[in-house]
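One letter stands for each residue in the lines below.
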Amino acid sequence: MSTDQKAIGKRRQGDPFQQFISFFSSGSALLMMATLAAVIWANMAHDSYHHFWHSPLNITTHLVEIKLGLQHWVNDGLMAIFFFVVGLEIKREFLAGELSSFKQASLPIFAAVGGMVIPVALYFAFGFEGNAAGGWGIPMATDIAFSLGVLAILGKRVPLALKVFLTALAIVDDLGAVMVIAFFYGGDLNWTYLLIAALLLGVLIIANLRNIQNLKLYTFLGFIIWYLFLMSGVDGPGTGIHCTIAGVLIALTIPARPKVRVDDFVGRINNGMRRFDESRRSPNKRVLTDDQLYAINDISYSVKKVQSPLQLLEHQFHGFIGLFVLPVFALSNAGVTLIHHGEGGGEVFTTLSFAIAFSLVFGKAIGITFFSWLAVRLGIAVKPKHSSWLSFLGLAFLGGIGFTMSIFIASLGFKMDAELLNQAKIGIFVGSIIAGLAGFYILKYSLKKDARSKSATER
């Protein structure tokens, strides 16, 4: 392999989109193991599982007092960090990614809308009443970690255009989930706390507009905003607008402009290297002169500031999210009870479970595929070359892997009804497994067919 080829390979490995794929793909295996551990734990030692995750963990100081169970710390704390990263991804995609122009964004946006509307419509078609009706938001979610994990199994056979499409679709889907959580899954509100939070968000917006990049400021005010959202419910911590919304809003205030322009970066580095080389040497080879230190500091500043805070934080948090936050969330929330332990009627797979599984599998498949076809048919979007509609159907089934996001919405919708929550989790498990398997085998077949068609066309 030539030097140029090696350099190209290294650049590809360092590409932000490829890093994004690899982080979530590697994390999906750990997520799966954590899920399996949660299910085994919840069924082999039911009382132990629930006692551990509901045990109190209180923080009391002169300024704040937070009394939450361990599971609530995961859902209100760690998941706020997860949604903070989601917010960073959404902002980056709309500013400079696959959603930065209407032409680029139209196909995944249309597909995501269809993938949210049709599953919700199918769920409502079951005619649930009472508490069960509150689960309508569950089948509209897509788990980006597992869906990209399935694509990773298929390897290089998957064209980059399809990976980009699924990633952009999942990001728009996350944006839809954020809006649903904000408007439909909160309780009565303490408007004083929310007003103070809005004012602090205004401060961060002004700091962003002035391109102030001191991350300590954003961290300090961000924590206060998170706390105010946590306490925004009149019925206690976590009963108002969910803290994950605070994570997204804070992310949107993070500056996306670098202090050092890309066009100036190489010149600044070369200037610093030249100054270092031309500086007077110290008699002692172990010590640098002041001129050399100044040159190094300028180089270090340029290296740090050519990357915007948004990209810096997104890159730093991806490993933490994929390898810690999501597995811990799965361990604390995926403990579905398959063995009856005394409460309720003892049913495992109920009408609610079936409705969620059915809506995830067929709602996503129909919604994503049909709305994508409609966008192309109307001339609003363009389908990637050498990709068949059968491949899009495979991706649409992968969109039915709801898992993490679906469980999270279920925990909000059925937080006052443990029996319905358990039934919902079973439906999510069944639906996600069926959707994942269907998507994998359809894509495996269609990609081979697409490759043969491409080869025949190029002859």
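This write-up is about the structure you can find in this document. (Residues numbered from 1 in each chain as written. Predicted model: local features only at pLDDT ≥ 70, side-chain atom pairs only at ≥ 80, totals over all residues. Heavy atoms only, no water.)

## Details of the pattern of salt bridges
Per the counting criterion, the structure on display carries six salt bridges. A salt bridge links Glu93 to Arg92, with the nearest nitrogen and oxygen atoms 2.8 Å apart. Given a relative accessible area of 6%, Glu93 falls into the buried group. Residue Arg92 is joined to Glu314 by a salt bridge in which the shortest nitrogen-to-oxygen separation is 2.6 Å. Here the residue Arg92 occupies a position in helix α4 (residues 70-96), and Glu314 occupies one in helix α13 (residues 309-333), the gap between them amounting to 222 residues. Counted as one network, the salt bridges with shared partners bring together Arg92, Glu93 and Glu314. (Salt bridge = Lys/Arg side-chain N within 4 Å of Asp/Glu carboxyl O. Buried < 20%, exposed > 50% of the residue type's maximum accessible area, 1.4 Å probe, protein only. Helix = DSSP H or I, 4+ residues; strand = E, 2+ residues; numbered from the N terminus.)

## A few points about the packing of aromatic side chains
Under the defined criterion, the tally for this structure stands at 28 aromatic pairs. The interplanar angle of 40° and the centroid separation of 5.6 Å between the aromatic rings of Phe83 and Phe408 together place this pair among those described as tilted. With Phe83 in helix α4 and Phe408 in helix α16 (residues 403-413), this residue pair connects regions lying 325 residues apart in the sequence. One aromatic cluster is present, formed by Tyr123, Phe126, Phe128, Phe354, Phe358 and Phe362 through successive ring pairs. It is Lys383 that lies over the ring of Trp389; its NZ or CZ is 5.5 Å from the centre. (Phe/Tyr/Trp six-rings, centres within 6.5 Å; stacked < 30°, edge-to-face > 60°. Lys NZ or Arg CZ within 6 Å of the ring centre and 35° of its normal.)

## What about helix α7 (residues 160-184)?
Its 25 residues give α7 an end-to-end C-alpha distance of 36 Å, which sits within 8% of 36 Å, the value for a rise of 1.5 Å per residue. Taken across its 25 residues, α7 has 18 buried, putting it largely inside the fold. (Expected span 1.5 Å × (residues − 1).)

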